[in-house]
Amino acid sequence: VWHRMEPLVVRRPLSLVRAPDGIREQTFFQKHASPGMGEAVRALKAGRGSEVLLYVEDFDGIASLVQMGVVEIHVWGATIDDVERPDQIIFDLDPGPGVDLDDVRAGALEVRDRLKGIGLESFVKLSGGKGFHVTVPLVPAAGWTEVKAFARGFADAMAKAAPARYTATLAKKARRGKIFIDYLRNGRGATAVAPYSTRARDGAPMAAPVTWAEVEGGVSPNAVKVGAALPKSDPWREFRASAERLAKD
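Summarised in this report is the structure supplied together with it. These numbers were taken from a predicted model, which means no experiment stands behind them.

## Regarding the pairing of strand β5 (residues 70-75)
No. 1: Across the 6 residues that make up β5, a large majority, 6, are buried.
No. 2: Looking at chain direction, strand β1 (residues 14-18) and β5 are connected through 5 bridges and run antiparallel. By the bridge assignment for β5, Arg 18 is matched with Val 70.

As structure tokens, this is what we get:
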């Protein structure tokens, strides 16, 4: 997957889920550098006290993470070249107990349609778990506070329009029978699982980019497993093209 994953993960601050003894044993989350990571895993001092961010430049960096027992790679919505200005917005549709999978798919499609209604093109990936991630490429101009405020307002508006189906509240008691539209991925330091990353779950599912047509056709959030053949056409080719165009603007 590297040829498709590369432009979506390099030079982005990372958070890592490590499972040195396998996913059935203890796993832990890592955001900062530690001894023995190797030269291919880079560190950047980000200007907030002693904060040091991890990132990779190339395949050797990813290979080093694998050697360390990393099973999930999570990325910021910004690059190390412009840490304070995100270049994407992400909405994570996370179903609560009792939500049917068809309703989750319908929710992702409604997020797409509402974004389109305000002039924003969006792309979708499977979470590798229970939901879908809807991502919008941005010109890196606004700061984290502004982007998160927009994402929260968007999620709140959906929850107010259909309170029986959606919630923008993190509390578990508010999520039973509803889809949590998680806008919190858009804060500084927050991350989302990287496209094509494996997940630390039984069956080795991947966070795989797909097309909207596949969502409409009934694809499941954990449908793509490690070892599956990639489609000949890159589902996020247009995402990459949009991101490159916006970066030049």
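## Quick look at the environment of Ala 106
No. 1: Mapped onto the elements, Ala 106 comes out in helix α3 (residues 101-117).
No. 2: A sequence separation of 10 residues divides Ala 106 from Lys 116, and the C-alpha atoms of the two residues are 15 Å apart.

## Looking at the packing of aromatic side chains
In this description, an aromatic ring pair is defined by two values, namely the gap between the centres and the angle between the planes.
No. 1: This model, assessed by the stated rule, comprises 7 aromatic pairs.
No. 2: When the ring of Trp 2 is compared with that of Phe 59, the centres are 5.7 Å apart and the planes differ by 70°; the resulting orientation is edge-to-face. Here the residue Trp 2 occupies a position in helix α1 (residues 2-9), and Phe 59 occupies one in helix α2 (residues 59-67), the gap between them amounting to 57 residues.
No. 3: On the accessibility criterion, Trp 2 (19% relative accessible area) is buried.

## Notes on the side chain of Thr 167
No. 1: Structurally, Thr 167 is set in strand β9 (residues 166-167).
No. 2: Filtering out sequence-adjacent residues up to four positions away, Thr 167 remains in contact with Ala 159, Ala 174, Arg 175, Lys 178, Ile 179, Phe 180 and Ile 181.

## Brief notes about α2
No. 1: Residues of α2 that are buried include every one of Gly 61, Ile 62, Ser 64 and Leu 65, and no others. Within α2, the buried residues cover an arc of 155° as seen down the axis, which keeps them to one side. α2 presents Val 66 and Gln 67 as exposed residues on the side facing more than 90 degrees away from its buried surface.
No. 2: Contact partners of the buried residues in α2: α1, β1, β3 (41-45), β4 (52-56) and β5.
No. 3: Where α2 terminates, the next one or two residues include Gly 69, which has phi positive at roughly 85°.

## Examining the sheet that holds strand β8 (residues 132-137)
No. 1: Taken together, 6 strands build an open sheet; the order of strands is β9-β10-β6-β8-β7-β12 and the sheet is mixed. The sheet is open, and its two edges are formed by β9 and β12 (209-210), each paired on a single side.
No. 2: Strand direction decides the pairing type here: strand β6 (residues 88-95) and β8, joined by 6 bridges, are antiparallel. Note on β8: the bridge partner recorded for Asp 92 is His 133.
No. 3: Of the strands in this sheet, β6, β9 and β10 (179-182) are in contact with helix α4 (residues 144-161), which crosses β6 at around 35°.

## Considering the pattern of salt bridges
No. 1: With the rule as written, the count across this model stands at 19 salt bridges.
No. 2: Salt-bridge contacts for Arg 105 lead to Asp 102; the nearest nitrogen and oxygen are separated by 2.4 Å. One end of the pair is Arg 105 and the other is Asp 102, both in helix α3 and 3 residues apart, which spans about a single turn.
No. 3: Arg 165 serves as the salt-bridge partner of Glu 110, at 3.2 Å between the closest nitrogen and oxygen. Of this pair, Glu 110 sits in helix α3 while Arg 165 sits in the loop between α4 and β9, placing them 55 residues apart in sequence.
No. 4: Taken together, the salt bridges that share partners define one network made up of Arg 11, Arg 42, Glu 57 and Asp 81.

Definitions and cut-offs
Residues numbered from 1 in each chain as written. Predicted model: local features only at pLDDT ≥ 70, side-chain atom pairs only at ≥ 80, totals over all residues. Heavy atoms only, no water. Buried < 20%, exposed > 50% of the residue type's maximum accessible area, 1.4 Å probe, protein only. Helix = DSSP H or I, 4+ residues; strand = E, 2+ residues; numbered from the N terminus. Pairing = 2+ DSSP bridges. Phe/Tyr/Trp six-rings, centres within 6.5 Å; stacked < 30°, edge-to-face > 60°. Contact = heavy atoms within 4.5 Å. Arc of directions from axis to C-beta. Axes fitted to C-alpha atoms, helices over the stretch in contact; angles between N-to-C directions. Salt bridge = Lys/Arg side-chain N within 4 Å of Asp/Glu carboxyl O.

Scope: geometric values only; no functional claims are made or implied.
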